[in-house]
Amino acid sequence: MFNVQDIRKDFPILSRKVNGKSLVYFDNAATSQTPQQVIDAIIDYYANYNANIHRGVHTLSQEATDLYEQARQKIQAHFNAKFSHEIILTSGTTDSINLVANGFSSLLKKGDEIIVSALEHHSNIVPWQMLCERTGASLKVIPMNEEGELVITDFDNLLSKNTKLVFVNHISNALGTINPIKYIIDKAHQVGAAVLIDGAQACPHIKPDVQALDVDFYVASAHKMCGPTGVGMLYGKEDWLNKLPPYQGGGEMIAEVTFEKTTYADLPHKFEAGTPNIAGGIVFGAAIDYMNRIGFDAIAAYENDLLNYATEKLLAIDGLKIYGTSKNKTSVISFNLEDIHPYDVGTILDKLGIAVRTGHHCAQPIMDFYCIPGTVRASFSFYNTKEEIDTLVEGVKKAKMMLS
Ligand SMILES: Cc1ncc(COP(=O)(O)O)c(C=O)c1O
């Protein structure tokens, strides 16, 4: 049974005060909070297993290696990848995307086309622009509508035999829209294009099945799903990962090195040069265990209830406008109060102990579409409560009174 008060006890930070008030943490889309079980796993690693991996014959190194590889298997099982070597551990979503973009440098040429969406985080725009500069390929954009949804008929029209890659996020970080990724993957495959799905915002809410999606690449960050910062994953179909050249050179990613020629290690090590974030990888596994124990169905149902409750309460405030009104969305509410700058609203909320995000949320094209400098973004997690939403609503009313 889902009991939010019990769950909250797992998160020590939720009982701290900010500016003399009980913390209300609504910046979950930026990073999630860390349960004690994950904090304990970090301590356990450094207290008992700290050693470099894959290279030592001594016991500590072997134990740390086993834990790291077990974490990879956990991630494989969570995303339902066919093989554990299809999971590359990276420093996060941004790193995973850059790895793929770098790999495609030698596979694209002038005249090839890459499709991204208008709803992307800068991490899923800039690496592809850089790839286009290197290769002469061109970037096409699936437009969005007023509700913050992709105009999917325009996507159909953008596809052609020149389309080589399609990059879309599973869920928009700025608006919460859930994109129709299965449709996009299937359509892109019909013209022979590969698809990368940015799952940074999806993984805290749902459990993706990469085989059922038939996606070529899927990327995520541990810190959005109760894990530590500085670690993330790239799922790639085995064939694609074998086709892509290594991203970085160094220790771990080699088979043989001579000054004449170096050969590369097999997957996944070919893409994991240097000493990785060992504790991070192991603890990513612990975070996945934690979220699975709560259960993604329960998480989705609870967060949807919070979303509906907050939407209704916030919309009752005169002059408040929500951006991103798709029926298909997760627990993110981006809003503005009349023409008050979002930064000012965020500053007053912070004085009341309420943490929200303000600004363009690394998605400037979305803000340009709405002709606004940014929004206030409240993003809810399974450990938030309706009482906290009431506190937010009161805070927003107070901000309106003070600022208008
Ligand atoms: C949709 C999306 N993509 C990519 C990223 C970048 O993730 P990271 O900073 O963990 O690399 C984020 C982070 O907010 C995001 O929300």
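All residue numbers refer to position in the chain's written sequence, counted from 1. Restriction of local features to residues with pLDDT of at least 70 applies here, the model being predicted, together with a cutoff of 80 or more for giving and counting side-chain atom pairs; totals for whole chains, interfaces and linings are based on all residues. Excluding hydrogens and water, the side-chain figures rest on all heavy atoms present in the structure.

The name given to the protein in an unreviewed UniProt entry is Cysteine desulfurase, with the source organism recorded as Flavivirga aquimarina. UniProt positions are given in the numbering used here, feature names are shortened, and annotations may be inferred rather than shown by experiment. In its Function (unreviewed entry) section, the UniProt entry covering the protein states "Catalyzes the removal of elemental sulfur and selenium atoms from L-cysteine, L-cystine, L-selenocysteine, and L-selenocystine to produce L-alanine."

This paragraph deals with the pattern of salt bridges. Note that side chains of opposite charge can pair when their charged atoms are close. What counts as a salt bridge is simple: a side-chain nitrogen of Lys or Arg found within 4 Å of a carboxyl oxygen of Asp or Glu. As enumerated under the stated definition, the model contains 15 salt bridges in all. Taking the shortest distance from any N to any O, the salt bridge between D112 and K164 comes out at 3.7 Å. Remark: K164 occurs in strand β7 (residues 163-169) and D112 occurs in the loop between α4 (93-103) and β5 (113-117); sequence separation between them is 52 residues. Only protein chains enter the area calculation, which uses a 1.4 Å probe; residues under 20% of their type maximum are buried, those over 50% are exposed, and those in between are partly exposed. The exposure class of D112 is buried, given its relative accessible area of 3%. Accessibility expressed as a relative area gives 29% for K164, which makes it partly exposed. The salt bridge involving K237 is made with D214; its shortest N-O contact spans 2.8 Å. With K237 in the loop between β10 (232-236) and α9 (238-243) and D214 in the loop between α8 (210-213) and β9 (217-221), this pair connects stretches of sequence that are 23 residues apart. With relative accessibility at 21%, the residue K237 sits in the partly exposed group. Only DSSP runs of H or I reaching four residues or more are called helices, and only runs of E reaching two or more are called strands; each is numbered from the N terminus.

Let us now look at the pairing of strand β6 (residues 138-142). A regular strand carries its side chains on alternate faces of the sheet. By this definition, two strands are paired if DSSP reports at least two bridges between them. Across 5 bridges, the pairing between β5 and β6 is parallel. Bridge pairing links E113 to S138 in β6. Considered for its hand, the β-α-β crossover made up of β5, helix α5 (residues 126-135) and β6 is right-handed. For a crossover, the right-handed case is the one in which the path from the first strand over the helix to the second runs clockwise, viewed with the strands pointing away from the viewer.

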